[in-house]
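# Geometric and topological summary
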Amino acid sequence: MRNMLLRRSAAGKALVMGALLALAIPGSAYANTVGVTVKTPGATAGPGSTFSEITTNAACSSGLISGGGINQAIGTGTSSNCNKINGTSPSPNGSTEHLGSTGVVGTDVTYWLGIGGSGGAVNASFSSTPYAMCFSSNLINHTQVVMNKVAGPTTSSTVGLVTATCPANTRLLGGGARITPAVVGSLKPIASFPTFNDSAHGYGQKAAADGDQPRLLERRGLERRRR
């Protein structure tokens, strides 16, 4: 599960990556192997105009994506405050975004988007660098992308909360956020964290604490599936 907090008006989306576990044949020997490689194409310059955005992507040529991120170069001076993140989220082809229906919106994606935005000023140092974490595993052979969205906040100096929840029998791998439209210069994600859908965590409003784990019953269920 993943939470995203958003400033000002318009809409925000929360996206999570969930892993589907492959079933092993009883009695057969296998090694639990997982490999992860970071991929990035480097920086893309921009945005070059106020109240706009650019979209970049990092790709996994083999394997699947377990998450990703974005790094912004902001330059110096007063205009440096106006470079911001508008989104970091999975994509099936490097350009398509999951902005429509909620729920499970994709499977086995291999691209991670980095979307950089601007406010009321820009400078030549602005750039966005996307990152993808590509993994391979003999226990996990499919992933799902789950998306949820909320409109708002509708007033200044407030936040909105949206939570995307992994389906049953899956486990969280990573997550991201996307805000629209780009023309709202002060709209931006201000937090991103894993959480739980229970009263102790405010049903998604409080971040998971250090050392938090799924319930023991869920862990036992996971172990049974892996045998």
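Residues numbered from 1 in each chain as written. Predicted model: local features only at pLDDT ≥ 70, side-chain atom pairs only at ≥ 80, totals over all residues. Heavy atoms only, no water.

### Details of the overall build of the protein
What the protein contains, in helices and strands, is one helix and 14 strands. In the protein, which comprises 227 residues, the proportion classed as buried is 44%. Only carbon and sulfur atoms are counted for the fraction: they give 52% of the accessible area of the protein, which is about 11,100 Å². (Helix = DSSP H or I, 4+ residues; strand = E, 2+ residues; numbered from the N terminus. Buried < 20%, exposed > 50% of the residue type's maximum accessible area, 1.4 Å probe, protein only. Areas by Shrake-Rupley, 256 points an atom, 1.4 Å probe, with all protein chains shown as cover.)

### Focus: a nonpolar patch on the surface
A grouping of Val34, Val36, Val38, Tyr131 and Met133 is seen on the molecular surface, where their side chains present a nonpolar patch of about 450 Å² in accessible area. Sorting the residues of the nonpolar patch by element identifies strand S3 (34–39) and strand S10 (127–137) as the ones contributing at least two each. The element that contributes the greatest number of residues to the nonpolar patch is S3, accounting for three residues. Secondary-structure assignment places Val34 in strand S3. Judged by relative accessible area, which is 61%, Val34 ranks as exposed. (Patch = residues over 30% accessible without salt bridge, like charges linked within 9 Å, V, L, I, M, F, W, Y side chains within 5 Å. Salt bridge = Lys/Arg side-chain N within 4 Å of Asp/Glu carboxyl O.)

### Some remarks on the side chain of Ser127
Within the secondary structure, Ser127 sits in strand S10. Apart from the residues lying within four places of it in its own chain, the contact partners of Ser127 are Ala43, Thr44, Ala45, Gly46, Asn71, Gln72, Ala73 and Asn83. (Contact = heavy atoms within 4.5 Å.)

### Some words on the environment of Tyr131
Tracing the sequence through the fold places Tyr131 in strand S10. Judged by its relative accessible area of 31%, Tyr131 is partly exposed. Each C-alpha atom of the pair Tyr131 and Gly68 lies 5.1 Å from the other, and the pair is 63 residues apart in sequence. Residues within four places of Tyr131 in sequence aside, it is in contact with Val38, Lys39, Thr40, Ala58, Gly67, Gly68, Gly69, Ile70, Asn71 and Trp112.

### Observations regarding the pattern of salt bridges
One pass over the structure, following the stated rule, counts two salt bridges. Linking Arg178 and Glu53 is a salt bridge whose minimum nitrogen-to-oxygen distance equals 2.7 Å. Separated by 125 residues along the polypeptide, Arg178 in strand S13 (residues 170–180) and Glu53 in strand S5 (residues 53–59) bring together distant segments of the chain. One salt bridge connects Glu97 with Arg178, and the closest N-O pair in it is separated by 2.4 Å. Remark: Arg178 occurs in strand S13 and Glu97 occurs in the loop between strand S7 (83–91) and strand S8 (103–107); sequence separation between them is 81 residues. Through salt bridges that share partners, Glu53, Glu97 and Arg178 make up one connected network.

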